[in-house]
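Below, each chain spelled out in residue letters.
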Amino acid sequence: MTINQDADCLRDATLVPHRQMDLEEQPLLQVRSVSKYYGRRIGCEEISFDLWPGEVLAIVGESGSGKTTLLNCISTRLTPTSGMVNYRMRDGSMREVFRLTEAEKRFLMRTDWGFVHQNPADGLRMSVSAGANVGERLMAIGKRHYGDIRQTASDWLEQVEIDKDRIDDQPRAFSGGMRQRLQIARNLVTGPRLIFMDEPTGGLDVSVQARLLDLLRGLVAELGLAAIIVTHDLAVARLLSHRMVVMKEGRVIETGLTDRVLDDPQAPYTQLLISSILQV
Amino acid sequence: MTMTTALCDDMSATDNIARYNFAYLDEQTKRMIRRAILKGIAIPGYQVPFASREMPMPYGWGTGGVQVTASIIGPDDILKVIDQGADDTTNAVSIRAFFAKMAEVETTTDTTKASIIQTRHRIPETKLEEGQIIVFQVPIPEPLRFLEPRETETRKMHAVEDYGLMHVKLYEDIAQKGHIATNYAYPVKVKGRYIMDPSPTPKFDNPKMHMSEALQLYGAGREMRIYAIPPHTEVVSLDFEDYPFEVQTFKEPCALCGGTGVYLDEVILDDAGGHMFVCSDSNYCEDRRANGHRGALSPDILDEDTAEQQREGTDR
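Described below are features of the structure shown in this document. (Residues numbered from 1 in each chain as written. Chains lettered and ligands numbered in written order. Predicted model: local features only at pLDDT ≥ 70, side-chain atom pairs only at ≥ 80, totals over all residues. Heavy atoms only, no water.)

**Here we look at the pattern of salt bridges**
Let me state the cut-off plainly: Within this document, salt bridges are pairs made up of a side-chain nitrogen of Lys or Arg and a carboxyl oxygen of Asp or Glu, the two lying within 4 Å of each other.
The tally for this structure, following the rule as stated, stands at 39 salt bridges over all chains. Linked by salt bridges that have partners in common, Glu102(A), Arg106(A), Arg110(A), Glu153(B) and Asp162(B) make up one network.

**Focus: the state of the cysteines**
Working definition: the covalent bond between the sulfur atoms of two cysteines is a disulfide. Test applied: Criterion for a disulfide: a pair of cysteine sulfur atoms at a distance within 2.5 Å.
For the coordinates displayed, the defined rule picks out 0 disulfides over all chains. With no disulfide partner, Cys44(A) has as its closest neighbouring cysteine sulfur the one in Cys73(A), 4.8 Å distant.

**Some words on the interface of chain A and chain B**
Definition in use: Here, two residues are considered to be in contact whenever any of their heavy atoms come within 4.5 Å of each other. Accessible surface is computed with a 1.4 Å probe, and the buried area is the amount of it that two parts give up when combined, taken over both parts together. Residues adjacent in sequence count toward polar contacts only when both atoms are side-chain atoms; beyond that, a polar contact is any pair of N or O atoms within 3.5 Å, and within protein one must be able to donate a hydrogen and the other to accept it. Polar here means any residue other than Ala, Val, Leu, Ile, Met, Phe, Trp, Tyr, Cys and Pro, which are nonpolar, and Asp, Glu, Lys and Arg, which are charged; Gly is therefore polar.
Across the contact, 21 residues belong to chain A and 20 residues belong to chain B. When the two sides are added together, the surface that chain A and chain B hide from each other amounts to roughly 1,900 Å², 59% of it contributed by carbon and sulfur. Area buried by chain A at its contact with chain B is led by Arg106(A), Arg144(A) and Tyr146(A), which between them contribute 40% of it. Inspection of the chain A/chain B interface yields 4 salt bridges. Between chain A and chain B we count 11 residue pairs in polar contact (both at pLDDT 80 or more) in total. Residues of the side of chain A that touches chain B, tallied by class, amount to 8 nonpolar, 5 polar and 8 charged.

**Some thoughts on the packing of helix α6 (residues 146-159) of chain A against helix α6 (residues 164-177) of chain B**
Definition in use: Axis geometry follows a simple rule: fit a line to the C-alpha atoms, using only the stretch in contact for helices, then measure angles between N-to-C directions, giving values from 0 to 180 degrees. Going along the chain from the N terminus, every DSSP run of H or I of four or more residues is numbered as a helix, and every run of E of two or more is numbered as a strand. Our angle categories are set so that under 35 degrees counts as roughly parallel, over 145 as roughly antiparallel, 65 to 115 as roughly perpendicular, and the remainder as oblique.
For the pair α6(A) and α6(B), the least separation of the axes is 11 Å and the interaxial angle reads 80°. The angle between α6(A) and α6(B) falls in the class roughly perpendicular. Contact residues: α6(A) offers Tyr146(A), Ile149(A) and Arg150(A), while α6(B) offers Tyr171(B), Ile174(B) and Ala175(B). Here the residues of the contact of α6(A) with α6(B) are counted per class, giving 5 nonpolar, no polar and 1 charged.

**Re the nonpolar core**
Formally: Here, nonpolar core refers to any group of buried Ala, Val, Leu, Ile, Met, Phe, Trp, Tyr and Cys residues whose side-chain atoms link them within 4.5 Å. Relative accessibility under 20% of the residue-type maximum defines a buried residue, over 50% an exposed one, and the middle range a partly exposed one, all with a 1.4 Å probe and only protein chains included.
Of all hydrophobic cores here, the largest spans 56 residues; its most connected members are Val134(A), Leu182(A), Tyr171(B) and Phe240(B). With 7 residues, α6(B) is the largest single contributor of residues to this core. Setting aside its immediate chain neighbours within four residues, Leu182(A) contacts Leu124(A), Ala130(A), Val134(A), Leu157(A), Ile162(A), Pro171(A) and Phe174(A). If you look at the next biggest cluster of nonpolar residues, it comprises 31 residues, including Leu25(B), Met32(B), Met55(B) and Val135(B).

**Focus on the sheet that holds strand β5 (residues 94-96) of chain A**
Neighbouring strands of a sheet are bound in pairs by backbone hydrogen bonds; such pairs are parallel or else antiparallel. Residues and elements named next belong to chain A. The criterion, for reference: Pairing between strands is defined by DSSP: at least two bridges between the two strands are required.
The sheet built from 4 strands is open, its strands ordered β2-β1-β4-β5 with antiparallel pairing. The strands lining the two open edges of the sheet, one partner per strand, are β2 (41-51) and β5. Going from strand to strand, the sheet's axes swing by 20° on average, the running direction of each strand aside. Looking at chain direction, strand β4 (residues 82-88) and β5 are connected through 3 bridges and run antiparallel. Bridging across to β5, Arg88 finds its partner in Met94.

Laid out in structure tokens, this is it:
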């Protein structure tokens, strides 16, 4: 009884939403020995891990450590030099993503996956309205009812705390934080199961960052999303992720539960990284 | 060399200076273009690249259409050329004269008589029939161009049928203007597969493309693309369930022939806001007038008073 209560206390105390444990569960994504070389230079080398449904994994490391290369390889935006990435499709079958046809890959990218870019301009269409940005994925999967599309778009804008009357404004007229939230709405509208995020809070000031993180945490918990987040900000990893991968020079230095890695870093490099955080 | 001489003799050469080949283009070029056309017909709506040639006219004046016409025309063909529906505009007149000289073919303004109709911006009002070919001059063949500027990407989008973006444009129209405001170059889906730009014809003409008995060929010279819609092919204009596709309607009939249900041009008559609407298809209008149809501003039924007012208006 006391042990249970303790566990409850612990669960409440942790910032990251709790995941139910299920022994029958199969991984959502398997990354096996993924390497990417740019000529003779290493992008990332021999990376392997599993990602489970609803799990948030943070990839941290200093700039140039291969985080983004790895993310791009996994999300098929880059083709790795070697290695394998398997994904569990909605029908339960495990498919190798680089063996999917271009059409299947695109369908996966706009239904089951999402990609949130560091720079919102890369992930948004800057010259079409916010409503159309959110609605694009719906139209791409064959929705042809204007009223419904607009309603869904408007609901999503509300969810990401953008005023409904901004629905016909172009993202150019939005602030950095709003653009980032719009990008998130655009990705989540088709109910994906896996989201890739590349420094989602990069370039935002701290108060805006805090709101965005709050929003992301809420959405991830509510929708049961799995996510891979690339960040150099250890605080972001602490707030959002269940598990962490620390990278240096294209290789994995340490992996483990986020709290364990941050509170009890084993590898010297991780210790250095954590002790480098500025204390105010 | 001997062949060239023979050809010159055949074509009743009056001097020894080398002449142009039949229909201007050389035979190898025509063969290359015909191959592109055949491929286009085999894959309705697909843009086939071809090695577009320099023509003795500027890009944007129909170099694509002229090359297609030159490749399919034979000595027995009867050619009609229209520009914005009219047979008597500069572009139409000069292209007609070009083929009258270079291919020595018979030309006509009569839609029913023509075997090949080269057009810019219109499909004739008179229904085209089996055996006729309509050749469109296309400035920008890529319907996704202004939505996605990368040609590498748009080609991929066509290849994997990734067409969500096209509806984004229509969505934007409705969001901004309350209705689908695209009035020309209105995107269509051909045979349930490729999305195609019907060239800058008004959307009024889109329904005429559907199940047309005539072969429709599209040539874009500057962009080096040819595409086609074979006869009896399904052509659907894109729309939303709650905002269905509809064509332009006109409140008044043609002022000259009284025709309704046709595409009208507005003609400004004076500086005082005077204007009239007349058929854009000049041949159709003339035909109707020859058959006794009259509109409100036909010269022979304008009574004295109206004529008077008209003159005053013009004088001012």
